[in-house]
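# Architecture at a glance
One-letter residues, chain by chain:
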Amino acid sequence: MRFARYTAACCLLGAAVGVAFVNAPVWLLRAVLLGFLLRAMLWSGLGRAVRAALPVLVFAAALVFVQWVSRSPLTLLPLKVVAVFLFTTVAFRILPWASLASCARPGSLLQTLVLFALFVRHFAHIFTGEGLRMFRARALCISKPCGRGAFHSLVWALAAFFSRSIVRAERFYAAQWLRGWAE
Amino acid sequence: MRPVLEVENLSFSFEQGKPCLRDISFQVFEGECVGIVGPNGAGKSTLLWCLLGLLKSNGSIRLFGEKVSKRSLARVGVVFQNPEDQLFMPSLMEDLTLPLINRGLPREAARGRALETLRLMGLADLAERSATQLSLGERKRASIAAALAGSPELLLLDEPTAELDGRSERQLKGALWQLPVARVIATHHVEFLREITTRTLVLCDGRIVSEGPTRELLANESLLEEAGLI
């Protein structure tokens, strides 16, 4: 079972790298669709899978908007971003993390990669927690999502989210540096 | 007794701000448990960050008789206010063993020491759990275990009782009480220090306003009131 999970995760990570080099929109759309289907299987439902990917979808939409506003040709970058995100997050979910951490030899390249992945995973967890707290706090202080003060509070929530994330990143780095991990 | 930490005339200020720490001097000796007490914003956490060389300060800090360096810091254990900043592995066992293995300890010996430390903190049954699956009190004790696994000679704790309920606090107190290493505990929780430390420094507006035996100092209500602690 563990071997199957490793293989599947490696295939997905390979696919995530691969889609970055694909330039056919049809294939990219297929990749995005496949990514959503895989997420729907793991996140128990397509609705939850899409909701969990919402920040990246917004980011991709913003990219398209910026390209359109600046009158530059629309690129495939937004589609690639979404596809890479979908494959990577599915791979992260199915990787057997517990055995991964102990299988690498100390000081080896594999251990460095595993630790990097663990740092990223942990910080994504912190990032999600901070984001949810901040936006829940914002939701409590406005009457309607698009009503009076909604935009203003969103700007401040985003600013607070970034500054909180930087503080948390700083503390996390300091703690790991003291444990001798950060180098 | 040999001093493990010597601080002389330490001052620190954030860029273009008013000084956060002014003229701080104190010593901590082997096996001693010292409290740093002060209200929120007094500079307790900043002081700990300066001691660890994470913030560049003026003055002299000596750990085990030498300047703060990688070598001297390897003999210090740190417990941060938020355990999530320290524990990130898929299991507590991995969190404790991997730094030991990286220091050259054989895997089995590392596991043995990790398990012993977890047992000391009353967490042996939770060794294979991830920190995210534990309660806050358990996570706090787990972060102390992670700091202790490396056999430090000095343990620095930043607000160890923050957000803990009474029971978790008692368990933490019991765990800290029996440790044979020198401990510096920064907190605003006066009662916690009263029972666990022998000497206390009162920090207020970035200065040490008083220093002495914990029981005597914390019995002085006017001092505590002046320092904003009651």
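Note that the structure is a prediction, hence the values are computed from the model and not measured. (Residues numbered from 1 in each chain as written. Chains lettered and ligands numbered in written order. Predicted model: local features only at pLDDT ≥ 70, side-chain atom pairs only at ≥ 80, totals over all residues. Heavy atoms only, no water.)

## A closer look at the sheet that holds strand β7 (residues 154-158) of chain B
Residues and elements named next belong to chain B. If you walk across this open sheet you meet the six strands as β6-β7-β8-β3-β9-β10, and the pairing is mixed. If you trace the sheet from one side to the other, it starts and ends with β6 (76-79) and β10 (207-213), each paired once. Strand-to-strand twist in this sheet, taken as the mean axis angle between neighbours without regard to direction, amounts to 15 degrees. By the bridge criterion, six bridges tie strand β9 (residues 199-204) to β10 in an arrangement that is antiparallel. Note that in β10 the partner of Thr 200 across the bridge is Gly 212. (Pairing = 2+ DSSP bridges. Helix = DSSP H or I, 4+ residues; strand = E, 2+ residues; numbered from the N terminus. Axes fitted to C-alpha atoms, helices over the stretch in contact; angles between N-to-C directions.)

## Description of a nonpolar patch on the surface
A grouping of Val 64, Phe 65, Val 66, Trp 68, Val 69 and Leu 74 of chain A is seen on the molecular surface, where their side chains present a nonpolar patch of about 640 Å² in accessible area. Among the structural elements, Val 66 of chain A can be located in helix α4 (residues 54-69). (Patch = residues over 30% accessible without salt bridge, like charges linked within 9 Å, V, L, I, M, F, W, Y side chains within 5 Å. Areas by Shrake-Rupley, 256 points an atom, 1.4 Å probe, with all protein chains shown as cover. Salt bridge = Lys/Arg side-chain N within 4 Å of Asp/Glu carboxyl O.)

## Comments concerning the packing of aromatic side chains
When we look at a pair of aromatic rings, we describe it by the centre distance and by the angle of the planes. Counted according to the given criterion, the structure contains 12 aromatic pairs over all chains. Ring centres 6.2 Å apart and planes at 55 degrees place the aromatic pair Phe 135 of chain A and Phe 161 of chain A in the tilted group. One end of the pair, Phe 135 of chain A, is in helix α7 (residues 109-141); the other, Phe 161 of chain A, is in helix α8 (residues 150-178), and 26 residues separate them in sequence. When its relative accessible area of 29% is taken as the criterion, Phe 135 of chain A is described as partly exposed. Owing to a relative accessible area of 9%, Phe 161 of chain A belongs among the buried residues under this scheme. Aromatic side chains Phe 161 of chain A and Phe 162 of chain A sit 5.4 Å apart centroid to centroid with 50 degrees between the ring planes, which places their arrangement in the tilted category. By relative accessible area, Phe 162 of chain A is classed as partly exposed at 47%. Taken together through their ring pairs, the aromatic side chains of Phe 119, Phe 123, Phe 127, Phe 135, Phe 161, Phe 162 and Phe 172 of chain A together with Phe 88 of chain B make up a single cluster. It is Arg 30 of chain A that lies over the ring of Trp 27 of chain A; its NZ or CZ is 4.7 Å from the centre. (Phe/Tyr/Trp six-rings, centres within 6.5 Å; stacked < 30°, edge-to-face > 60°. Buried < 20%, exposed > 50% of the residue type's maximum accessible area, 1.4 Å probe, protein only. Lys NZ or Arg CZ within 6 Å of the ring centre and 35° of its normal.)

## Here's the deal with the interface of chain A and chain B
The interface of chain A with chain B comprises 27 residues on the first partner and 24 residues on the second. Buried surface at the junction of chain A and chain B, summed over both partners, amounts to about 2300 Å²; 62% is from carbon and sulfur atoms. Inspection of the region where chain A meets chain B yields two salt bridges. With a closest N to O distance of 3.6 Å, Arg 168 of chain A and Asp 85 of chain B form a salt bridge. For the pair chain A and chain B, the number of links is five residue pairs in polar contact (both at pLDDT 80 or more). Mapped onto the side of chain A that touches chain B, the elements with two or more residues apiece are α6 (97-103), α7 and α8 of chain A. The leading source of residues in the side of chain A that touches chain B is α8 of chain A, at nine residues. Partitioned by chemical class, the residues of the side of chain A that touches chain B number 15 nonpolar, six polar and six charged. (Contact = heavy atoms within 4.5 Å. Buried area = accessible area lost by both parts, 1.4 Å probe. Polar contact = N/O pair within 3.5 Å; in protein donor to acceptor, adjacent residues only side chain to side chain. Nonpolar A, V, L, I, M, F, W, Y, C, P; charged D, E, K, R; others polar.)

## So, the domain arrangement of chain A
For chain A, the assigned domains are domain 1 (2-95) and domain 2 (104-179). Computed from C-alpha coordinates alone, the two centres of domain 1 of chain A and domain 2 of chain A are separated by 21 Å. (Domains from an automatic or database assignment.)

## Let's talk about the sheet that holds strand β5 (residues 66-67) of chain B
All names here are of chain B. Sheet architecture is open: four strands sit in the order β2-β1-β4-β5, paired in antiparallel fashion. Of all strands in the sheet, those bounded by a partner on one side alone are β2 (19-29) and β5. Bridging between strand β4 (residues 58-63) and β5 involves two bridges; their strand directions are antiparallel. Its bridge partner being in β5, Leu 63 is matched across the sheet by Glu 66.

## Thoughts on unusual backbone geometry
All names here are of chain B. Of note in the backbone geometry, Asp 23 takes a positive phi value of approximately 55 degrees without being a glycine. Tracing the chain through its elements places Asp 23 in strand β2. Here the phi dihedral of Ser 151 falls at roughly 50 degrees; this positive angle occurs in a residue that is not glycine. Here Ser 151 lies in the loop between α5 (136-149) and β7.

## What about the nonpolar core?
Residue and element names in this part refer to chain B. With 46 residues, the main nonpolar core has Leu 92, Met 121, Ile 144, Leu 155, Leu 176 and Ile 185 as its most contacted residues. Examining the composition of this core, we find that seven residues originate from one element, α5, more than from any other. When near neighbours in sequence (up to four residues on either side) are disregarded, Met 121 contacts Arg 141, Ile 144, Ala 145, Leu 148, Ala 175 and Leu 179. (Core = buried A, V, L, I, M, F, W, Y, C linked by side-chain atoms within 4.5 Å.)

## Brief notes about the side chain of Ser 153 of chain A
Residues and elements named next belong to chain A. Its location among the elements puts Ser 153 in helix α8. A residue is classified by how much of its surface remains accessible, and Ser 153, at 14% relative accessible area, is buried. A polar contact is formed between the side chain of Ser 153 and the side chain of Arg 138, at a distance of 3.2 Å. Setting aside residues no more than four positions away along its own chain, Ser 153 makes contact with Arg 138 and Ile 142.

## Points about the pairing of β4 of chain B
Residue and element names in this part refer to chain B. Where strand β1 (residues 3-13) and β4 come together, five bridges link them in antiparallel fashion. Bridged to Leu 5 within β4 is Leu 63. Between β4 and β5, which pair antiparallel in sequence order, lie two residues; one of them, Phe 64, sits at a positive phi of approximately 55 degrees.

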